[in-house]
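Okay, here's what each chain looks like letter by letter:
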Amino acid sequence: MSTPALYRRVVRRETHSSRSTPAITLAVVLIVVLAWLGTESVLAALGQAPLLVAPSDAAAAVLGAASAPAGILTAGAIVVALIGLVLVILAISPGRRGRRSASIDRTAAVIDDRVIARSLARTASYAGEVDPSQVSVSVGKRRAVVEIAPTSGRRADRAAVDEAVRRELASYDYSPALRHTVKIAAKGKVRS
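So, how was this worked out
- The numbers attached to residues start from 1 for each chain and follow its sequence in the written order.
- Only residues with pLDDT of 70 or above have their local features reported here, since the model is predicted, and side-chain atom pairs are shown and tallied only from 80 upward, although totals for entire chains, interfaces and linings are computed over all residues.
- With hydrogens and water set aside, each side-chain value is computed from the structure's full complement of heavy atoms.
- Secondary structure is summarised from DSSP: a helix means a run of H or I of at least four residues, a strand means a run of E of at least two, and numbering begins at the N terminus for each.
- The criterion used for residue contact is that any of the two residues' heavy atoms lie within 4.5 Å.
- A fitted line through C-alpha atoms represents every axis, and for helices the fit uses only the stretch in contact; the resulting angles, taken between N-to-C directions, go from 0 to 180 degrees.
- The handedness criterion is simple: a crossing whose near helix is rotated anticlockwise from the far helix by less than a right angle is left-handed, and one whose near helix is rotated clockwise is right-handed.
- All amino acids are sorted into three groups, where Ala, Val, Leu, Ile, Met, Phe, Trp, Tyr, Cys and Pro are nonpolar, Asp, Glu, Lys and Arg are charged, and the leftover types, Gly among them, are polar.
- Nonpolar cores were defined as sets of buried Ala, Val, Leu, Ile, Met, Phe, Trp, Tyr and Cys residues, with membership established by side-chain atoms within 4.5 Å.
- The buried label goes to any residue with under 20% of its type's maximum accessible area, the exposed label to any with over 50%, and the partly exposed label to all in between, with areas taken from a 1.4 Å probe on protein chains only.
- Between any two strands, pairing holds if DSSP finds at least two bridges.
- Any Lys or Arg side-chain nitrogen located within 4 Å of an Asp or Glu carboxyl oxygen qualifies as a salt bridge.

Right, let's get into the overall build of the protein chain. What the protein chain contains, in helices and strands, is six helices and six strands. Across the protein chain, contacts joining residues at least 24 apart in sequence account for 62% of those joining residues at least 6 apart.

This brings us to the packing of helix 5 (residues 113-128) against helix 6 (residues 158-171). Between helix 5 and helix 6, the least distance of the axes is 8 Å, while the angle of their chain directions is 145°. Here helix 5 and helix 6 pass one another in a crossing that is right-handed. Residues Ser119, Leu120, Arg122, Thr123, Ala124, Ala127 and Gly128 of helix 5 lie in contact with helix 6, whose contacting residues are Ala160, Val161, Ala164, Val165, Glu168 and Leu169. Looking at side-chain class alone, the contact of helix 5 with helix 6 contains eight nonpolar, three polar and two charged residues.

What follows deals with the nonpolar core. Note that soluble globular proteins tend to have their nonpolar side chains buried in a common cluster. One finds Val135, Val137, Val146 and Ile148 to be the most contacted residues of the largest nonpolar core, which totals 19 residues. For this core, the secondary-structure elements that each account for two or more residues are helix 5, strand 3 (135-139), strand 4 (143-148) and helix 6. Here this core gets five residues from one element, more than from any other, and that element is helix 5. Sequence-distant contacts of Val146, defined by excluding residues within four places in its chain, comprise Ala124, Val135, Ser136, Val137, Val165, Thr181, Val182 and Lys183.

Turning to the sheet that holds strand 6 (residues 179-184), a few remarks are in order. The three strands are arranged 3-4-6 in an open sheet whose pairing can be described as mixed. At either end of the open sheet lies a strand with only one pairing partner, and these are strand 3 and strand 6. Direction aside, the axes of adjacent strands within the sheet are offset by 15° on average. Bridge count for strand 4 against strand 6 is six bridges, and the pairing is parallel. Considered in strand 6, the bridge of Val145 is made with Thr181. Contacting strand 3 and strand 4, helix 5 crosses the sheet at an angle of about 145° to strand 3. The sheet contacts of helix 6 involve strand 4 and strand 6, and relative to strand 6 the element is tilted by about 155°.

Turning our attention to unusual backbone geometry. The backbone phi angle of Glu129 is positive, close to 55°, even though this residue is not glycine. Relative to the helices and strands, Glu129 is located in the loop between helix 5 and strand 3. Note on Glu129: relative accessible area 53%, which makes it exposed.

Turning our attention to the pattern of salt bridges. Where side chains of opposite charge bring their charged atoms close, a pairing between them can arise. In the structure shown here, the tally under the stated rule is four salt bridges. Where Glu163 meets Arg167, a salt bridge forms, and the shortest distance between an N and an O atom there is 3.9 Å. A residue pair is termed a helical-turn pair when its members lie 3 or 4 positions apart in one helix, as Glu163 and Arg167 do in helix 6 at four residues. By relative accessible area, Arg167 is classed as exposed at 52%. Bridged by salt links that share partners, the residues Asp162, Glu163, Arg166 and Arg167 form one connected network.

Moving on: the side chain of Gln134. Of note, Gln134 is situated in the loop between helix 5 and strand 3. Gln134 sits in the buried class, given a relative accessible area of 5%.

Remember, this is a structural readout, not a statement about activity or role.
Below is the structure:
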């Protein structure tokens, strides 16, 4: 395997999460349900009392569900459809970790979103002339939100913060790129 292909594979592995947890959870649930059904069937064949519900009673209840009120049937169908939809979405959508790949020719570089958030918070605190504890940054898949609580009695210059954050983000070369939003709180914070 060539080095660039290996780097791409390593970066993809580090930036995307596997689907093993939902798959294992679903498999365990199915194993437990099938083991329970098998146990109930063996107990019924031996003439023993069921653990929870006898298979014949469960089959009769399922067949008798058609005579249940329409509201109950509709609610049951909606619950089953939602469970199915969640499972399909989990199967199709790529899992994402809070990391980004950087464009470096000869190495595989992965940057954690928390590092980006700290860097943006530091930049915003300098540009807004506030203490770093008064800046909060959250980094999502495509957007960084910078929130500043200015010092009481002083105003933070939103344009200066916006420009500083824009320059900082432009200096990064990672994928996927980020857009940003700067929010300045209406109420100030008393600095101790």
